[in-house]
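Structural overview for review
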Amino acid sequence: MPHQRLSLSLGYDVVLAEDFGGLAGELQACLPGSTRALVVTHPRIRALHGAALAAELHGVGIEWLEVPEGEAHKSLDTWRALVARLLESRPDRQVPVVAFGGGVVGDLAGFAASTVLRGLPFVQVPTTVLAAVDASVGGKTGVNVPQGKNLVGAFYQPRLVWAPLATLDTLPVEERRCGLGEIVKHCIIAGGSALARLEADAPALLAGEKAAFAAAIADSVAVKAAIVERDPLERGERALLNLGHTLGHAVESVLGYGAVRHGEAVAIGIVAVARLGVARGWTSPRVASRVEALVARLGLPTRVPPGTSAGALHEAMGFDKKRARGMVRLVVFSEPGEVRLESVPEGELGALAELGVSA
Ligand SMILES: NC(=O)c1ccc[n+]([C@@H]2O[C@H](COP(=O)([O-])OP(=O)(O)OC[C@H]3O[C@@H](n4cnc5c(N)ncnc54)[C@H](O)[C@@H]3O)[C@@H](O)[C@H]2O)c1
Ligand SMILES: [Zn+2]
């Protein structure tokens, strides 16, 4: 597979690569003068793919910094420990922090990179589908705090994103599927050929075929990159990337993080928005059925599990930060490619919750 490269106007490239071959040269080109790299990862990822990364970077001194796995460790405690380790390695401002892993590693390492010495160069090497299509593009870094998820952090753009698709071979199938939720979102935002290709490739994606993942990831990264280029600090258009997330976040918090994966919750949220669109006349039944069929064909859920309370989901959405003066901003769509923010009364969230629950 030839490398696919997207050069963002934010000043960095996203490279979708077969494996690690070429990363050393790329690092040298974008960070000349750096003689070592501080690689933040999980023990599991290091065990699976660390040797291949180290072989490519043999000319660069690697220092490994391991952080514990799991969303629960995307915390201020882990950030504090990581910052201490980074400082102990006495970096100068040429030494890159390389996030080697999924979104948890990326968010933590990026936030640490943004704060140590007021900013060390940051490089993302995503190893999950979700991290490749979402967490590694756009510069959002941060940690969870008791008050909520991702509430402490910084916008901090990487110098390079290098996605080695070979690492996806060891990714558990449910983690791959989770990434597909965000891919569906990006393809609905884009519409056109990206969505058509995703539909055509659904069986191949379900079967885990690499070429299909490479194509879907490439399309998806292009969609997200174009939006964050135009609105890096989420002052406007970038909010469209919250499609499916209003209900999705509520599903995660009501069912419990871990009981449902983020991408699954987003898929449920997208289908509910489509159904609300039909009820309110924004979306044709044909478009809503098309979206729901795609979600199902990708093996993602279209509804919350039976027994989930719509009232509890509605209440959980009450804490959504988009709420203001009894009105909420909801990302809706009329057609694929025609996604917009709609101001709706808060009560519409109750209807959205019902639609996520009902058959
Ligand atoms: N910054 C952003 O813009 C942004 C966007 C979306 C999501 N996120 C964040 O991303 C996080 C979720 O990321 P995620 O879904 O990648 O989860 P994750 O980072 O927890 O990774 C999932 C699991 O897979 C393992 N893993 C990773 N790569 C592997 C591989 N190649 N082979 C085998 N196992 C592997 C990890 O060790 C982990 O246990 C959340 O914290 C979310 O808030 C951030
Ligand atoms: Zn998301």
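On a predicted model such as this, the values are computed, not experimentally measured, just so you know. (Residues numbered from 1 in each chain as written. Chains lettered and ligands numbered in written order. Predicted model: local features only at pLDDT ≥ 70, side-chain atom pairs only at ≥ 80, totals over all residues. Heavy atoms only, no water.)

Some words on the site of ligand 1
Taken together, 24 residues lie around ligand 1, and Glu69, Glu71, Thr127, Thr128 and Thr170 are the ones closest in. Considered on its own, ligand 1 offers 870 Å² of accessible surface; in the complex 88% of this is hidden by protein. Going through the elements one at a time, helix 2 (43-56), helix 4 (103-115) and helix 5 (129-135) are the ones with two or more residues in the shell around ligand 1. If one sorts the elements of the shell around ligand 1 by residue count, helix 2 sits on top with four residues. Considered class by class, the residues forming the shell around ligand 1 number six nonpolar, nine polar and nine charged. (Near = heavy atom within 4 Å. Areas by Shrake-Rupley, 256 points an atom, 1.4 Å probe, with all protein chains shown as cover. Helix = DSSP H or I, 4+ residues; strand = E, 2+ residues; numbered from the N terminus. Nonpolar A, V, L, I, M, F, W, Y, C, P; charged D, E, K, R; others polar.)

Quick word on the sheet that holds strand 5 (residues 97-101)
With mixed pairing, the seven strands of this open sheet are ordered in space as 1-2-9-6-5-3-4. Strands with a single pairing partner mark the edges of an open sheet, and in this sheet they are strand 1 (4-7) and strand 4 (61-66). Sheet twist, expressed as the average angle between the axes of neighbouring strands with direction ignored, equals 20°. Strand direction decides the pairing type here: strand 6 (residues 122-126) and strand 9 (residues 160-164), joined by two bridges, are parallel. (Pairing = 2+ DSSP bridges. Axes fitted to C-alpha atoms, helices over the stretch in contact; angles between N-to-C directions.)

Things to note about the domain arrangement of the protein
Each assigned domain of the protein is listed with its residue range as follows: domain 1 (4-170) and domain 2 (173-357). Averaged C-alpha coordinates put domain 1 and domain 2 at centres separated by 27 Å. Contacts between domain 1 and domain 2 engage 24 residues on the former and 26 residues on the latter. For the domain 1 and domain 2 pair, buried surface summed over both sides reaches about 2,200 Å², with 68% attributable to carbon and sulfur atoms. When residues of domain 1 are sorted by the area they lose upon contact with domain 2, Val129, Val133 and Phe155 head the list and together hold 24% of the total. Inspection of the domain 1/domain 2 interface yields four salt bridges. The shortest N-O distance in the salt bridge between Lys224 and Asp134 comes to 2.7 Å. (Domains from an automatic or database assignment. Contact = heavy atoms within 4.5 Å. Buried area = accessible area lost by both parts, 1.4 Å probe. Salt bridge = Lys/Arg side-chain N within 4 Å of Asp/Glu carboxyl O.)

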